[in-house]
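For reference, the chains in residue letters:
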Amino acid sequence: MMTPRAWILRIAESKSNYWMTYVMDVGLMVFFLAWDVVHFSVALTSVAVLFVTGAATWTLSEYLFHRWLYHLGFEMARAGHEKHHQNPKSYLAVPWFFSPILFVPPQQLIAGWFGVHGASAFFAGWFAGWFAGLITYSYLHHCLHHYNLKFAWYRHLQSQHRLHHAFPETNYGVTTRY
Ligand SMILES: [Zn+2]
Ligand SMILES: [Zn+2]
């Protein structure tokens, strides 16, 4: 029988999972935005501020995940990321069902069970921006390994990320210079 570890790594390496993560992450971003705009009619300026804050928080998460989870974290995260280092063009992604499991229950718990509507709206706007950052990062990282675009900023990020692949102790940020 397949171990849970082997099962998760097999999903992580499937191309359908790779594209499904985009569908799920965009879906979650829309869900969280709709929570604020449609469900609670939060003022658009407030939603925009939360969204931008969430997207900015993403750049920090990106660094922390990459450095402390994928390179120094638990064995399965390291094993999965190691596969990306070995074969940067492969279609490898965290299984698609992780993000809804991690993000929807806490936000809904605050909303429904505790009835703290302001807090649920706050987290929804923030998570929406965070997912926008995650989606941008995922696709940018995909492009860095698949396409050679001519823009100076792009080439800079690409050479920086190639350096990370050659020297894994450097350049943990993908959309940032850290
Ligand atoms: Zn890479
Ligand atoms: Zn790495």
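All of the points below concern the structure found in this document. (Residues numbered from 1 in each chain as written. Chains lettered and ligands numbered in written order. Predicted model: local features only at pLDDT ≥ 70, side-chain atom pairs only at ≥ 80, totals over all residues.)

Some points on the overall build of the chain
Part 1: Regarding its fold elements, the chain presents seven helices and zero strands.
Part 2: Order of helices (α) and strands (β) in the chain, N terminus to C terminus: α-α-α-α-α-α-α.
Part 3: Relative to its length of 178 residues, the chain is compact, with a C-alpha radius of gyration of 17 Å against a globular reference of 16 Å.
Part 4: Seen through its C-alpha atoms, the chain measures out along the principal axes to roughly 50 × 50 × 25 Å.
Part 5: Evaluated residue by residue, the chain yields a buried proportion of 25% over its 178 residues. (Helix = DSSP H or I, 4+ residues; strand = E, 2+ residues; numbered from the N terminus. Rg over C-alpha atoms; globule rule 2.2 N^0.38 Å. Buried ≥ 20, exposed ≤ 12 C-beta atoms within 10 Å, placed from the backbone.)

A short note on the nonpolar core
Part 1: By size, the foremost hydrophobic cluster in this structure holds 23 residues, and its most contacted members are Met29, Phe32, Ala124, Phe127, Ala128, Trp130 and Phe131.
Part 2: At the level of secondary structure, the elements contributing two or more residues to this core comprise α2 (15-39), α3 (44-70) and α6 (117-146).
Part 3: A per-element tally of this core places α6 first, with 11 residues.
Part 4: When residues no more than four places from it in sequence are discounted, the contact partners of tryptophan 130 are Gly54, Ala55, Thr57 and Trp58. (Core = buried A, V, L, I, M, F, W, Y, C linked by C-beta atoms within 7 Å. Contact = placed C-beta atoms within 7 Å.)

Here we look at unusual backbone geometry
Part 1: At serine 41, a residue that is not glycine, the phi angle is positive and equals roughly 45 degrees.
Part 2: Here serine 41 shows up in the loop between α2 and α3.

Thoughts on the environment of tyrosine 63
Part 1: Secondary-structure assignment places tyrosine 63 in helix α3.
Part 2: Each C-alpha atom, one on tyrosine 63 and one on glycine 173, is 4.9 Å from the other, the two residues being 110 residues apart in sequence.

Things to note about the packing of helix α5 (residues 98-113) against α6
Part 1: In contact at an axis separation of 7 Å, α5 and α6 are set at 155 degrees when each is read in the N-to-C sense. Taken as axis vectors, α5 and α6 run roughly antiparallel relative to one another. Along its contact with α5, which presents Phe103, Gln107, Ile110 and Ala111, the element α6 presents His117, Ala119, Ser120, Phe123, Ala124 and Phe127. (Axes fitted to C-alpha atoms, helices over the stretch in contact; angles between N-to-C directions. Parallel < 35°, antiparallel > 145°, perpendicular 65-115°, else oblique.)

Side note on the packing of helix α1 (residues 4-12) against helix α4 (residues 75-86)
Part 1: Axis separation between α1 and α4 bottoms out at 11 Å; the angle between their running directions is 35 degrees. Like other packed secondary-structure pairs, α1 and α4 cross with a definite hand, here right-handed. In contact with Arg5, Ile8, Leu9 and Ala12 of α1, α4 contributes Met76, Ala79 and Gly80.
Part 2: The class makeup of the residues in the contact of α1 with α4 is five nonpolar, one polar and one charged. (Left-handed = near helix turned anticlockwise from the far one by under 90°. Nonpolar A, V, L, I, M, F, W, Y, C, P; charged D, E, K, R; others polar.)

Digging into the environment of leucine 134
Part 1: Counting through the fold element by element, leucine 134 comes out in helix α6.
Part 2: On the neighbour-count criterion, leucine 134 (23 C-beta atoms within 10 Å) is buried.
Part 3: Put simply, leucine 134 and methionine 29 are 105 residues apart on the chain and 10.0 Å apart in space, counted from C-alpha to C-alpha.
Part 4: Among residues more than four places away in sequence, those in contact with leucine 134 are Asp25 and Trp58.

Considerations on α5
Part 1: A rise of 1.5 Å per residue sets the reference length of α5, with its 16 residues, at 22 Å; its end C-alpha atoms lie 22 Å apart and thus fit the reference within 8%.
Part 2: Looking at the residues trailing α5, positive phi occurs at glycine 115, about 65 degrees. (Expected span 1.5 Å × (residues − 1).)

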